[in-house]
Amino acid sequence: MTLRAYVIAYLLFLYAPIALLPLFAFNDSTIIAFPLDAFTTRWFAELWTVEALHAALWNSLLIAVVSTVLATLLGLAAARAAAKYRFPGKRGLMGMIMLPLILPEIIVAVSLLVVVIQVLGWPLSRWTIVAAHTLICIPFSIAILNGAFQNLDASLEEAAVDLGENRWSAFRLVTVPLIAPGIVASLLVGFTISLDEFIIAFFLSGAEPTLPVYIWGLLRFPARLPVVMALGTLLVLASILLLVLAEIMRRRGVARAGLKDKGGFL
Amino acid sequence: MDTEARRGLLLISPTALYAVALLAMPLAAVLAISFATQDFLTIDWTPTLANYAEATGEPLYRQLLLRSVLIAGAVTLVTVLLAFPVAYYVSFYVAPSRKSLWLFLITIPFWTSYLIRVFLWKVILGFNGVFNTSLQGLGIVEEPLSFLLYNANAVVITLAHAFAPFAILPIFVSLERIDRSLLEAARDLGETYLTTFFRVTLPLAMPGVTAAVLIVFIPTIGDYVTPRLVGGPDGLMIANMIQTQFLRLNNAPLGATLAVLSMLTVGLISIAFVLLTRRWGRTQ
């Protein structure tokens, strides 16, 4: 009983910040504190009028889409290689690919900054962020797809080959439909990570800030904070929507493979 | 090399090459530039240990690194201690059909805008913040508590929140792997509930706890957002200095040196920790 009470208190701790967001987003006061003032939707209305915000949002969406597609393709290749084949250096290679999962993000940011600026002498652009986000999304993609491949019955693809398909068409016609939910989950999770990532984007964004970099700029101006709260509320809603979709996909994949559900991704 | 090995290597090569080009080589470049010097606007690549001498000699850098390690250690301790009972509850008391829903609930806050979450902790812990106004409203304290924000405590609370799922999930996975009949056997052989936990459950859960410790401790060192927003002057960490060297002072070589030194410190501490827990596991 005490354990249950503790777990509920812990969940309250986890959800406290997000629960406060909408309260301040609809509060008619520029001061982010209690007691609350009147109800207003003007902070949301203001979101529509800020040009710089729209530019940052489009930039972030573009970066997130390209990074998550690249990461899922590269993750798919690595996860399939790891699940299907035995080859020399497998542990080392997989270790290197999965390293960004545990490496501090500032190290990834600094190392790419050094290469782009000091070694190559290129200007920073949204493509440097795409390169970095792809790198950090690959391990998540592999973790999700590993689950999908492990649930997969290898004999299905072999049967297709025996029945006259070549290896590529067997993969495309048999394996891809079976792991499709995993692929969609990987795309959604990668998109969410990239859209929210700040530490690397702050180092690598040139003249075009991403949405989190733009938000970071706003946090310095007290008068702009309610707008940030409104924006945050929308972002939280969007992330929850994407994650619920990803979770539904993951569960559908588990069901499709005819297995019992053992837990979430990550 | 047989066909299988060749196919495997061929299939993994795009991803592996990507990691080499965008991770291994850039890390090597950081190491290389840490031995170079900033010569006004250009980089002088003549190898020198000057940056290392400056980084280890200057008390400010030593203090920041030491503080980062202490804060990351405190964050890890708090996060893992708070997370263990949650993982235990989900693994042992939640019906199997509802486990994935619980894990989903635990991970959702982690996926929502990191910057805004950190900022909201500033709102919660501030002088006129949610926590203080509630305490005053309830009549528990008369004056707002000022030790909550702009110090190391605030950094620890905020990071313990940010890294919660990273601690809960590995512990949960290792608890799930425990054969429940071992626990019954221990009880049948006369162990109490408590001694069963410490002599059977906890040692078997150690791989998960170790993973949780590493996956919280190592990335924590590299956070500069939380210290900047809620840490105040006494809560700044080495990552803030790395950021300053790179983006403000335009001294990439010194920034790289600080990055190398902090990774070295974190790496050594992590290796020592893994060795210690292994030895502890053997004596059990």
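Going by the structure above, here's the rest.
For the structure given in this document, a descriptive report is provided here.

So, how was this worked out
Residues numbered from 1 in each chain as written. Chains lettered and ligands numbered in written order. Predicted model: local features only at pLDDT ≥ 70, side-chain atom pairs only at ≥ 80, totals over all residues. Heavy atoms only, no water. Helix = DSSP H or I, 4+ residues; strand = E, 2+ residues; numbered from the N terminus. Buried < 20%, exposed > 50% of the residue type's maximum accessible area, 1.4 Å probe, protein only. Contact = heavy atoms within 4.5 Å. Buried area = accessible area lost by both parts, 1.4 Å probe. Salt bridge = Lys/Arg side-chain N within 4 Å of Asp/Glu carboxyl O. Nonpolar A, V, L, I, M, F, W, Y, C, P; charged D, E, K, R; others polar. Polar contact = N/O pair within 3.5 Å; in protein donor to acceptor, adjacent residues only side chain to side chain. Phe/Tyr/Trp six-rings, centres within 6.5 Å; stacked < 30°, edge-to-face > 60°. Lys NZ or Arg CZ within 6 Å of the ring centre and 35° of its normal. Axes fitted to C-alpha atoms, helices over the stretch in contact; angles between N-to-C directions. Parallel < 35°, antiparallel > 145°, perpendicular 65-115°, else oblique. Left-handed = near helix turned anticlockwise from the far one by under 90°. Core = buried A, V, L, I, M, F, W, Y, C linked by side-chain atoms within 4.5 Å.

**Side note on the overall build of chain B**
Part 1: Scanning chain B from N- to C-terminus turns up 13 helices and two strands.
Part 2: Seen through its principal axes, chain B has C-alpha atoms that stretch 75 × 70 × 35 Å.
Part 3: Counting every position in chain B, which comprises 284 residues, the buried fraction comes to 54%.
Part 4: Summarising the internal contacts of chain B: among those between residues at least 6 apart in sequence, 67% fall at separations of at least 24.

**Regarding the interface of chain B and chain A**
Part 1: The interface is formed by 83 residues belonging to chain B together with 85 residues belonging to chain A.
Part 2: Of the roughly 7700 Å² buried at the junction of chain B and chain A (both faces included), carbon and sulfur atoms supply 82%.
Part 3: The interface formed by chain B and chain A holds zero salt bridges in total.
Part 4: Here the side of chain B that touches chain A gets 21 residues from one element, more than from any other, and that element is helix α1 (residues 3–33) of chain B.
Part 5: Here the side of chain B that touches chain A is composed, by residue class, of 67 nonpolar, eleven polar and five charged.

**Regarding the side chain of Arg-80 of chain A**
Part 1: Take Arg-80 of chain A: it is sitting in helix α3 (residues 51–84).
Part 2: In this structure the side chain of Arg-80 of chain A is engaged in a polar contact, spanning 2.9 Å, whose partner is the side chain of Glu-157 of chain A.

**What about the packing of aromatic side chains?**
Part 1: Per the counting criterion, the structure on display carries 24 aromatic pairs over all chains.
Part 2: Seen from their ring centres, Phe-202 of chain A and Trp-216 of chain A are 6.1 Å apart, and the 65 degrees between their planes marks the pair as edge-to-face. In this pair, Phe-202 of chain A is assigned in helix α9 (residues 199–204) and Trp-216 of chain A in helix α10 (residues 211–218), connecting sequence segments 14 residues apart.
Part 3: By relative accessible area, which is 21% here, Phe-202 of chain A ends up partly exposed.
Part 4: Here Trp-216 of chain A falls in the buried class, since its relative accessible area comes to 14%.
Part 5: Geometrically, the ring pair formed by Phe-110 of chain B and Phe-166 of chain B is edge-to-face, given 5.0 Å between the ring centres and 80 degrees between the ring planes. Here Phe-110 of chain B, found in the loop between α4 (99–107) and α5 (114–125), pairs with Phe-166 of chain B, found in helix α8 (residues 164–176); they are 56 residues apart in sequence, far enough to count as distant.
Part 6: Judged by relative accessible area, which is 15%, Phe-110 of chain B ranks as buried.
Part 7: An aromatic cluster is built from Phe-84, Tyr-88, Tyr-89, Phe-92, Tyr-93, Trp-102, Phe-197 and Phe-198 of chain B, whose rings are joined through pairwise contacts.
Part 8: Sitting above the plane of the Phe-92 of chain B ring, Arg-180 of chain B keeps its charged end 4.0 Å from the centroid.

**Some points on the packing of helix α1 (residues 2–25) of chain A against helix α3 (residues 59–92) of chain B**
Part 1: In the contact formed by α1 of chain A and α3 of chain B, the axes pass within 10 Å of each other and the chain directions differ by 120 degrees. If you check the angle between α1 of chain A and α3 of chain B, you find them oblique. Once α1 of chain A is placed against α3 of chain B, the crossing between them reads as left-handed. Here Leu-3, Arg-4, Tyr-6, Val-7 and Tyr-10 of chain A of α1 of chain A lie close against α3 of chain B, whose contacting residues are Leu-81, Leu-82, Ala-83, Pro-85, Val-86, Tyr-88 and Tyr-89 of chain B.
Part 2: The residue makeup of the contact of α1 of chain A with α3 of chain B, split by class, is eleven nonpolar, no polar and one charged.

**Observations concerning the nonpolar core**
Part 1: By size, the foremost hydrophobic cluster in this structure holds 186 residues, and its most contacted members are Ile-106, Phe-203 and Ile-215 of chain A together with Phe-84, Val-225 and Phe-246 of chain B.
Part 2: Sort the elements by how many residues they give to this core and α3 of chain B lands first, with 15 residues.
Part 3: What Phe-84 of chain B contacts, discounting residues up to four positions off in sequence, is Ile-171, Leu-175, Phe-197, Leu-202, Ala-205 and Val-209 of chain B.

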